Structures are given as C-alpha cells and as structure tokens.
Amino acid sequence: MEDNKMDQLKNLPESSLRFKNKEMTKRKLIEAVSAIIRTEGYTGLGVNKIAKQAGVHKKLIYRYFETVERLIEAYVIEKDYWLLTSNQLYNRPVNSNVDLKELALGILEDQFNFFYQEKEMQQLILWEISGKSQLMKSISATRELLGDDFLQLTDDYFKDSDINFRALSAILSAGIYYLVLHAPVSSYCGISIQQTRDREEMVRTIRQVISMAFEKVKG
C-alpha cells in the first residue's frame, strides 16, 4: 500500500507536488495553532512553538502566511461561530417573516450549543475580551459587519414596534458567552449549564424569548 502511494507521488507533476506539499504544510501549521490553544490557551502561541508543534521550520510560516498573525487569522476563520454562520446566511434566502423568526431562533440556539462544545472558541473569546490583541479586535470588527447583515433584516421587521431586537440579541449573545465561560467556576442564578437538564432549559428559554418578541409584533 505504501509503495503504491509512493509511486503515485512520483508520477505527479512537479507543480502538483509543490502545491500538495504546500497545502499539507499549511494544514499542519493551522492544526498546530489549534493544538496549542487547546492545551495552553492563546498565551502559548508563538512562532517557535507553532513551528515545533507542526514539525516544520518556522520560515514556512512566513512563506505561506506572511506573518504569524495571518496564520492565526486563518485558524480563527475556521473556528469562529459567527464567521462560519455568515456563509450559511448568504446561501439561505429569507422569503417571509416565518423564515426570519426561524433563522433568529436557529442562530442563537446554535451559538449556545456551539460555544458550549467548542473549547477553542471559548479561548478565542477570552483572548478577544482581554483587549490586548489587534488581531482579535479586527476579527471582532469583521464579525460585527457580518452580523449586521442579519440584523438589518430584523430592523425592518421590528421598525414600527417598541422592541429593539438588536439590544435583545446583544443581551442573549453576551449572556451565552458569560454563562459558558463562567460554567467551570460555579452555577449562575442556580443554573449549571454543565448539567444536561439546565442546558436544555437555557435553549428552551432562548427560543421562548425570541418567539415572544416576534409574536408581540405579529399580534
């Protein structure tokens, strides 16, 4: 089997081999960033440590990503919930108020579940709110621009009501971040989202609050 693979590689054009090796190395570097964040958090990131984790020379970071910040940015784009969700939003037409309500429900519910499960994303948000990284400030600004595309849709729906859906979304989204980051320390308001029952209750309440806002305007 290994001999067959070697024969296949030998038969590839030189340009194809270079491209394949380049993409494999880039993947190794991105996965190295991921591994370091999982084990040490964002404070463990550094050129030498990333290169050592990936098993490649550090000059390849600069060859393929130009800077270590660009490498980390490539990693963040793969892990950030809102950046990932934005691609789905662009490919999902919203043709009715029912679609808009379901979209809002899905986004907040998925944010809660995703953020609770993704330890690396938790580290990224901690890094962001530390206020010390220009890279994370840039990512945050990009996230805001992408989120605004969705919020403009809700602006039209709630424009003649006394409900500020942007404020409601901010409270729910920020609450999700805090509850998840606080969970390892202790319960909050008697709720421990480390318990399955309490997580289910949080999802039910998120859906309830969003539905009440939409139903109030509808009524």
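Residues numbered from 1 in each chain as written. Predicted model: local features only at pLDDT ≥ 70, side-chain atom pairs only at ≥ 80, totals over all residues. Heavy atoms only, no water.

What follows concerns the environment of Ile129. With respect to the helices and strands, the residue Ile129 is situated in helix 8 (residues 119-129). Look at Ile129 and you get exposed, because its relative accessible area is 58%. With 11 residues separating them in the primary sequence, Ile129 and Ser140 have C-alpha atoms 9.7 Å apart. (Helix = DSSP H or I, 4+ residues; strand = E, 2+ residues; numbered from the N terminus. Buried < 20%, exposed > 50% of the residue type's maximum accessible area, 1.4 Å probe, protein only.)

It is worth spelling out the confidence of the model for the protein at this point. Of the residues in the protein, 85% have a pLDDT of 70 or more, and the chain-wide mean is 85. At the low end of the mean pLDDT range in the protein sits helix 1 (residues 2-11), at 52; at the high end sits helix 10 (residues 165-182), at 95. (pLDDT = per-residue confidence, 0-100.)

A word on the nonpolar core. One finds Ile50 and Phe165 to be the most contacted residues of the largest nonpolar core, which totals 61 residues. With 10 residues, the single largest contributor to this core is helix 7 (residues 97-117). Not counting residues within four places of it along the chain, the set of residues in contact with Ile50 comprises Leu29, Ala32, Val33, Ile36, Leu45, Ile61, Val68 and Leu71. (Core = buried A, V, L, I, M, F, W, Y, C linked by side-chain atoms within 4.5 Å. Contact = heavy atoms within 4.5 Å.)

This structure, assessed with the given rule, holds 14 salt bridges. Of the charged contacts in the structure, one is a salt bridge between Lys49 and Glu40, with a shortest N-O distance of 2.9 Å. Accessibility expressed as a relative area gives 37% for Lys49, which makes it partly exposed. Given the relative accessible area of 41%, Glu40 is considered partly exposed. Each member of the salt-bridge network shares a partner with another, and the members are Arg38, Lys79 and Glu120. (Salt bridge = Lys/Arg side-chain N within 4 Å of Asp/Glu carboxyl O.)

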